[in-house]
Amino acid sequence: MGRELPNPPESGLINALRFGDDTFRFIEAMQSRFDDAAAVPIPGRAPLVVVTNPALVHDALSRPAEFSRVPASGPAALIATQGLVQSEGELWEQQRGIMGPAFMGPQVRAYANTVGRRVETLVDEWSTAIGEGESISRNLHGEMTALTVRVASEILLGEDIGLERAEQFHSWMQVAGDEFEFGLDAVSPEWVPTRTDPEFKRAAEGILGLAEELIERRRADLADHDPETDEERPKDMLTMLLLAEDDPDVEYPDNQIRDEVATFLIAGHETTALSLTYTQTLLSQHPEIRQRVREEANAVIGDETPTYDHVSELEYTGRVFQEALRLYPAAWAVFRQASADVRLGNYRVPEGAAIIMPQWSIHRDDRYFENPKTFDPDRWIDQSPQSVEAYFPFSSGPHACIGRQFSITGARLALATIVQSFDVDVEEGALDDLRATPTLRPGEAVESTIRPVE
């Protein structure tokens, strides 16, 4: 079937402790040491396989039956167990077919236009807060979460949850980030019991409660419309899920719609909020690049409300966002498990192996990128992201991110509009303490000083 995967030096226990104690440093060391992949023996668990070759990453992600998603368990199962980002096989195919149109065509335009309207409101709020002063201080990550979760809820779920609930949601996500952070428990023997923080349980209950509220309000709203004759009925994801309940070919497991809503309350905003935070932090560190973004925004948007029609002309802003996703991918790794003994390249991957395919280290490997640690948007002038095998911020294969176009279009408008009006300066060292959770999260609030452009 293939040869055995190489192992890093030292014992499995030492490497397991290194992975749990400093995940990013361990992953970077594996990237520099192994050309293709390596297996890390974990006492009391299946081995951990780190894939360092992007060709093998794309191969694995193109074979979901053999390299399957990791089932939700423990604390994660308190929020959702079979949403679109967790499900497999026939259930995933059914849900992808129902929900797919909510992420395409007119909905991309609607999402971008909603971002434009919301970010314009944010600019007004910041301007009012500054008033006659020189600046204001804000937690940039919190501000971007409030922006993106309100856009996601309006476009995907048909209802703006409002500023107060958006701020509450940010606090829930902070608690979830602490609960899901990789640590020594990630490499402890499977028989070792784990404890779920009561604060996380309350946060999970809050997320599920919000999901149920949104479902019931949307269900009541749809009851007032005839889906056969109402051509103006909403085209959001939640509406499509609810209308599919009447389709005899659709079989929903218990709580399926709630799982989808809870999943997309999180997935529909979190990575974009993080990416906007990291991009603006990089712009703070590179004022000459920020100035180029501002000049493009002035030329393209001017005094108009930012809309989808501006997106294609914000080319440099798009390259800035692409480059920020390379250095700070909000989804820092793709996680899978081997469903059987399978071959990957020239190697045998044993059944049950936990597989990590890290954008974090592959995106920073000098085998694939020149001066990989340099923030250089112009590296994308003569190449598209799709043509670079080692660049996969939205994953790859059939389970690649369904909201990719939402993120790309929305980020261009949000960045251009904010930079057009403000210098957002982030405290030095704000990205020194990043946490490995299922997403790449800042360890603390990203404190920023916001000054109007003179």
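Structure first, text after, so check above.
Calculation rules
Residues numbered from 1 in each chain as written. Predicted model: local features only at pLDDT ≥ 70, side-chain atom pairs only at ≥ 80, totals over all residues. Heavy atoms only, no water. 1 Å grid on protein atoms, 1.4 Å probe; cavity = no way out; pocket = protein on both sides within 12 Å on 5 of 7 lines; lining within 4 Å. Points joined across faces, edges and corners; volume = space filled by probe spheres on them. Helix = DSSP H or I, 4+ residues; strand = E, 2+ residues; numbered from the N terminus. Buried < 20%, exposed > 50% of the residue type's maximum accessible area, 1.4 Å probe, protein only. Pairing = 2+ DSSP bridges. Axes fitted to C-alpha atoms, helices over the stretch in contact; angles between N-to-C directions. Contact = heavy atoms within 4.5 Å. Expected span 1.5 Å × (residues − 1).

Chemist: What am I meant to see in empty space enclosed by the protein here?
Modeler: Think of a ball as big as a water molecule: rolled over the atoms, this probe shows where empty space is left. The final tally for this structure, using the stated rule, is two cavities of 30 Å³ or more. Space inside the largest cavity adds up to approximately 40 Å³. Lining the largest cavity, in full, are Y111, V115, L147, T148, V151, T272, L276, G410, A411 and A414. Counting only elements with at least two residues in the lining of the largest cavity, the list comes to α5 (106-130), α6 (140-157), α11 (270-285) and α16 (404-421).

Chemist: Help me understand the pairing of strand β3 (residues 48-51), please; the structure alone is not making it clear to me.
Modeler: Across a regular strand the side chains alternate sides, sitting on one face of the sheet and then on the other. Taking every second residue as pointing to the same face, both faces of β3 are buried, with L48 and V50 on one and V49 and V51 on the other. Sheet analysis places strand β2 (residues 37-40) next to β3, joined by four bridges and oriented antiparallel. Note that in β3 the partner of A37 across the bridge is V51. Across three bridges, the pairing between β3 and strand β9 (residues 354-357) is parallel.

Chemist: What is the right way to look at unusual backbone geometry in this model?
Modeler: Backbone phi values are negative for most residues with the exception of glycine, while trans is the configuration of most peptide bonds. Positive phi is not limited to glycine here, since N255 has a value of about 65°. As for its placement among the helices and strands, N255 is situated in the loop between α9 (237-243) and α10 (256-267). The phi dihedral of N371 is positive, around 45°, even though this residue is not glycine. Its place among the elements puts N371 in the loop between α15 (359-362) and α16.

Chemist: Honestly, the environment of D254 in this entry has me stumped. Any pointers?
Modeler: Looking at the element boundaries, D254 is found in the loop between α9 and α10. Spatially, the C-alpha atoms of D254 and Q82 are 9.9 Å apart, while their sequence positions differ by 172 residues.

Chemist: Which parts of the structure should I look at to understand the sheet that holds strand β5 (residues 136-139)?
Modeler: As a general point, the strands of a sheet are linked pairwise by backbone hydrogen bonds and lie either parallel or antiparallel. One open sheet holds the three strands; their spatial order is β5-β13-β10, and the pairing between them is antiparallel. Because the sheet does not close on itself, it has two edges, and the strands there are β5 and β10 (422-426). On average, each strand axis in the sheet is tilted by 30° relative to the strand beside it, whichever way the strands run. Bridge analysis of β5 against strand β13 (residues 447-452) gives four bridges, and the strand direction is antiparallel. Residue pairing for β13: I136 is matched across the bridge by I450.

Chemist: Hey, could you run me through the pairing of β10 in this one?
Modeler: Side chains of β10 alternate between two faces, with F422, V424 and V426 buried and D423 and D425 left unburied. The pairing of β10 with β13 spans five bridges and is classified as antiparallel. Looking at the pairing, D423 lines up with R451 of β13.

Chemist: Please explain the side chain of D365 as it appears in this structure.
Modeler: Mapping D365 onto the fold places it in the loop between α15 and α16. Among the residues examined, D365 registers a relative accessible area of 8% and is labelled buried. Contacts of D365, omitting those with residues within four sequence positions, involve Q31 and P372.

Chemist: Please clarify how the sheet that holds strand β8 (residues 347-349) should be interpreted in this entry.
Modeler: Pairing in this open sheet of three strands is mixed, and the strands run β1-β8-β7 from one edge to the other. Two strands bound the open sheet, and with one partner strand each, they are β1 (3-4) and β7 (342-344).

Chemist: Teacher, can you tell me more about helix α14 (residues 315-327) here?
Modeler: An ideal rise of 1.5 Å per residue puts 18 Å on 13 residues; α14 measures up with 19 Å between its terminal C-alpha atoms. Of all the 13 residues making up α14, twelve are buried; the element is thus mostly covered by neighbouring parts of the structure. Within the sequence span of α14, burial applies to Y316, T317, G318, R319, V320, F321, Q322, E323, A324, L325, R326 and L327. If you follow the buried residues of α14, they end up packed against α11, α12 (287-300), α15 and α16.

These figures capture arrangement, not role.
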